[in-house]
Amino acid sequence: MADAKVIPFDDDRSRARRRPGRPDGEAAAVRALPGPQAGPQEPGEGQEGLLPGAAGGREVGPGAGAGSAGVVGGAGASGWERRLAGGLAFLRRRITGDYEVDEFGYDEELTDQVLMSLLRPLYEKYFRVEVKGVENIPAEGGALIVANHSGTLPLDGLMMQVAVHDRHPAGRHLRLLAADLVFVLPVVNELARKAGHTLACAEDAERLLRAGEIVGVMPEGFKGIGKPFGERYKLQRFGRGGFVSTALRAGVPIVPCSIVGAEEIYPMVGNAKTLARVLGIPYFPLTPTFPWLGPLGALPLPTKWTIQFGEPIPTDSYAPEAAEDPMLMFNLTDQVREQIQHTLYKLLVQRRSVFF
C-alpha cells in the first residue's frame, strides 16, 4: 500500500479553498493545503462526488479519475448513484494511500467526508446548535478564535469546529489547539491529528496562523472544562496571555467566541480526586448520572446550544516587538476575556430554556 503524501507548510499563503481540478496523472483530489498550487485546468476535471452530508451538504461534480465512477456519476444519473460513485472513489483512495496529509497529520478529505458527517447529527439534531456572527471570521487569511471551555468532556471544541466548517460562507476549516492528554490517548490521538488538531504550543499555533489557517484555542484549559456545576459560565483564568502574543507575532485578528449550552451536558457535582490521580487524569467527574448509571450515565444531556462569534480584535497595527510587552498582553487578554464573559451573560438572559 502506498503511503499518504505529506504536504509541508512551506510558505505563508492561505490555502486554496476549492481547486477546480488537478494535473493529469495525479490520482487523489483533495483541497489544496499551503504550498505550491497546480496550474489552470479544464472545469470539472478530476473532481470526485462527495459522500452524503459531506462539507455541509455541498456536492462536487462527477469524477474523471475513478474508473467507472465517471460513467455512473454522468449526466442523467440519480443522486444515489453519484454518491455511491463518490464513496467508492473515496474508499479506493484510502485503500491505496492516494491521499494527502499535511505535516501535522491533518487529513482534509477524511475530515470533510467522514468526521464531519459523524459529528453533524450531534450538532444539528442533538444539541441543535444555533450559530451567530460567523461572518466575523475572515473569509481568507489567518485568525485566532478564542472561546470559553466547559462541559466535562471537550465536545464544545468539536461543535465549534462543525460550526465554522458548515456555517462560514467560505467553508473554512478550524484547526484546534489541544492539550497534551489528547495526544497520549489511543485512538483519540489519531482521530485528533486527522481532524486537524495539534498540540497547544505557541510554535505550532504561529505556523498555522502564518499559513493562513483559522486556529481555535480555549485558554481556560482543564480549569474550565472541569469546573463544578455551581461555577458554570464563570470564566476561569486565561493563563498569561500566550495566545495574544501568538496572534501579535502572526499579525492576525483575535475573534472572541462564546458558547452557551455546553455547561449543562454533564452537570459536574463532584470530583473524585484520588481516583483521578490513580488514573493520571486532571479530574474524575461525578454527575447525577455518572458513574451511577454505568455507560448510560456517560450520555450527555440534550441541551440547546448557541455559539456566537464576536467582533474581531485586530492586531496588525502593533509593532513586532509588541508581543514582548507584558502590559499590552495583560490588557488584550483582559479585553478578550471580558468580551466573552459579557456575551455569555447576554446569551443566558436571552435563553428561554436549557433544553429548548
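Residues numbered from 1 in each chain as written. Predicted model: local features only at pLDDT ≥ 70, side-chain atom pairs only at ≥ 80, totals over all residues. Heavy atoms only, no water.

### Details of the packing of helix H3 (residues 108-126) against helix H4 (residues 155-167)
Relative to each other, H3 and H4 sit at 110°, their axes nearing to 10 Å. Of the possible angle classes, the one that applies to H3 and H4 is roughly perpendicular. Where H3 approaches H4, its residues Asp112, Met116, Leu119, Arg120, Leu122, Tyr123 and Glu124 are matched on the opposing element by Leu158, Met159, Gln161, Val162, Ala163, His165, Asp166 and Arg167. Considered class by class, the residues forming the contact of H3 with H4 number eight nonpolar, two polar and five charged. (Axes fitted to C-alpha atoms, helices over the stretch in contact; angles between N-to-C directions. Helix = DSSP H or I, 4+ residues; strand = E, 2+ residues; numbered from the N terminus. Parallel < 35°, antiparallel > 145°, perpendicular 65-115°, else oblique. Contact = heavy atoms within 4.5 Å. Nonpolar A, V, L, I, M, F, W, Y, C, P; charged D, E, K, R; others polar.)

### Describing the pattern of salt bridges
Taken as a whole and assessed by the stated rule, the structure comprises 14 salt bridges. For the salt bridge of Asp102 with Arg175, the shortest nitrogen-to-oxygen distance reads 3.1 Å. With Asp102 in strand E2 (residues 100-102) and Arg175 in strand E5 (residues 174-178), this residue pair connects regions lying 73 residues apart in the sequence. An identical accessibility class is assigned to Asp102 and Arg175; each is buried. When the shortest N-O distance is used, the salt bridge between Glu103 and Arg207 registers 2.6 Å. Here the residue Glu103 occupies a position in the loop between E2 and H3, and Arg207 occupies one in helix H6 (residues 202-210), the gap between them amounting to 104 residues. (Salt bridge = Lys/Arg side-chain N within 4 Å of Asp/Glu carboxyl O. Buried < 20%, exposed > 50% of the residue type's maximum accessible area, 1.4 Å probe, protein only.)

### Structural notes on H3
Here H3 contains 19 residues, and its C-alpha end-to-end distance of 25 Å stays within 8% of the 27 Å for a straight helix at 1.5 Å per residue. Along its length, H3 reaches its greatest deviation from straightness, about 45°, at Met116. (Expected span 1.5 Å × (residues − 1). Bend = angle between axes of the 7 residues up to and from the residue.)

### A few points about the side chain of Glu263
Among the structural elements, Glu263 can be located in the loop between strand E8 (254-260) and strand E9 (270-271). Given the relative accessible area of 7%, Glu263 is considered buried. In terms of polar contacts, Glu263 uses its side chain to reach the side chain of Lys227, at 2.9 Å. From its side chain, Glu263 meets the backbone nitrogen of Tyr233 in a polar contact 2.8 Å long. (Polar contact = N/O pair within 3.5 Å; in protein donor to acceptor, adjacent residues only side chain to side chain.)

### Digging into the packing of aromatic side chains
On inspection of all chains with the given rule, the structure shows four aromatic pairs. Pairing Phe127 with Trp305 gives two aromatic rings, centres 4.6 Å apart and planes at 25°, and the pair type is stacked. Of the two residues, Phe127 sits in the loop between H3 and strand E3 (130-132) while Trp305 sits in the loop between strand E10 (285-286) and strand E11 (306-309), which places them 178 residues apart along the sequence. By relative accessible area, which is 0% here, Phe127 ends up buried. Seen from their ring centres, Phe284 and Phe290 are 5.9 Å apart, and the 35° between their planes marks the pair as tilted. (Phe/Tyr/Trp six-rings, centres within 6.5 Å; stacked < 30°, edge-to-face > 60°.)

### Points about the sheet that holds E8
Taken together, seven strands build an open sheet; the order of strands is E3-E11-E8-E4-E7-E5-E6 and the sheet is mixed. Whereas interior strands pair on both sides, the edge strands pair on one side only; in this sheet they are E3 and strand E6 (198-199). Relative to strand E7 (residues 214-217), E5 runs parallel, the two sharing three bridges. What sits directly across from Arg175, in E7, is Val215. Along the sheet, H4 makes contact with E3, strand E4 (143-147), E5, E8 and E11, crossing E5 at roughly 165°. Packed on one face of the sheet, helix H10 (residues 326-350) meets E3, E4, E8 and E11 and runs near 30° to E8. (Pairing = 2+ DSSP bridges.)

### Some points on unusual backbone geometry
Backbone torsion omega between Phe290 and Pro291 reads 5°, so that peptide bond is classified as cis. Structurally, Pro291 can be placed in the loop between E10 and E11.

### Examining the confidence of the model for the chain
On average, the chain scores 82 in pLDDT, and the residues at 70 or more come to 78%. In this model residues 9-76 is a low-confidence stretch, pLDDT under 50, and it forms 157 contacts with partners more than four residues away in sequence or in other chains. (pLDDT = per-residue confidence, 0-100.)

### What to know about the nonpolar core
Counting 30 residues, the largest nonpolar core has Leu144, Val146, Phe243 and Val336 as its most contacted members. At the level of secondary structure, the elements contributing two or more residues to this core comprise E4, H6, E7, helix H8 (242-250), E8 and H10. Looking at this core element by element, the count peaks at seven residues for H10. Membership of the second largest hydrophobic core comes to 29 residues, among which are Phe127, Leu174, Ala262 and Tyr266. (Core = buried A, V, L, I, M, F, W, Y, C linked by side-chain atoms within 4.5 Å.)

### Here's the deal with the side chain of Asn148
Structurally, Asn148 can be placed in the loop between E4 and H4. Asn148 gets classed as buried once you look at its relative accessible area, which sits at 2%. Of note is the side chain of Asn148, whose polar atom sits 2.8 Å from the backbone nitrogen of Ile259. When near neighbours in sequence (up to four residues on either side) are disregarded, Asn148 contacts Asp156, Met218, Glu220, Leu235, Cys257, Ser258, Ile259, Ile340 and Leu344.

### As for the pairing of E7
With burial as the criterion, each face of E7 is covered, one bearing Ile214 and Gly216 and the other bearing Val215 and Val217. The pairing of E4 with E7 spans four bridges and is classified as parallel. Directly across from Ala143, in E7, lies its bridge partner Ile214.

### Describing H4
Taking 1.5 Å of rise per residue, the 13 residues of H4 would be expected to cover 18 Å, and the 18 Å separating its terminal C-alpha atoms lies within 8% of that figure. Counting buried residues along H4, 11 of its 13 residues qualify, which places the element largely inside the surrounding structure. Listing the buried residues of H4 in full gives Leu155, Asp156, Gly157, Met159, Met160, Gln161, Val162, Ala163, Val164, His165 and Asp166. For H4, the elements touching its buried residues are H3, E3, E4, E5, E8 and E11.

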